[in-house]
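Residue-level structural notes
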Amino acid sequence: MLHSEYASPEMLDAFDAVDDFIAFHGVEHYPDEFAKAKKAREREKISKIDHARRKVMHWYGKACLFWQKGIIPMDLLMSFPGKRRALYFLRNFEPLEEANRILYGGPPSETFACIREMYNLEKEAPADDDHHGMCSDDNLGGQNALCPLS
């Protein structure tokens, strides 16, 4: 169920929408641009990105719930979605979720803490290494968050 939902055209569209938004506004500015448009209620500018954010957040929240309840064993989660996709999610979606939270209040989403715990990831994503500015297996985001996942 989780795998087929993740592989759906709707999820691909959601990831593409976020990637396009980041590419257009830049890694440094996309959360602020999202927040500005939401605050100004410019729905036509951000409805696609907002729906994408919510869809992907929901999927990872469901994966966390299934893991916490013991429905999906960790060895399966290491295969899929895996640590690389989890890093992609943290680096690209957490800034959007935080911008949304600041606008509307409330506690931080527990989904990010769950994903970090699930994959034993640090609070801050690891800094890019020597491959800064290049797409490689060792550079999964940071300043170059648009490296495609293989």
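The structure reproduced in this document is the subject of the present report. (Residues numbered from 1 in each chain as written. Predicted model: local features only at pLDDT ≥ 70, side-chain atom pairs only at ≥ 80, totals over all residues. Heavy atoms only, no water.)

Considerations on unusual backbone geometry
Going from Phe 80 to Pro 81, the amide bond is cis rather than trans, its omega being 10°. Mapped onto the fold, Pro 81 is located in the loop between α5 (74–79) and α6 (82–104). Of note in the backbone geometry, Arg 41 takes a positive phi value of approximately 60° without being a glycine. By secondary structure assignment, the location of Arg 41 is in the loop between α3 (30–39) and α4 (43–68). At Asn 120, a residue that is not glycine, the phi angle is positive and equals roughly 55°. Relative to the helices and strands, Asn 120 resides in the segment after α7 (110–119). Since its relative accessible area comes to 68%, Asn 120 is described here as exposed. (Helix = DSSP H or I, 4+ residues; strand = E, 2+ residues; numbered from the N terminus. Buried < 20%, exposed > 50% of the residue type's maximum accessible area, 1.4 Å probe, protein only.)

Considerations on the nonpolar core
Formed by 41 residues in total, the largest nonpolar core has its most connected members in Val 56, Trp 59, Phe 89, Ile 115 and Met 118. With eleven residues, α4 is the largest single contributor of residues to this core. With residues near it in sequence (within four places) discarded, Phe 89 still touches Val 56, Met 57, Tyr 60, Glu 94, Thr 111, Phe 112 and Ile 115. (Core = buried A, V, L, I, M, F, W, Y, C linked by side-chain atoms within 4.5 Å. Contact = heavy atoms within 4.5 Å.)

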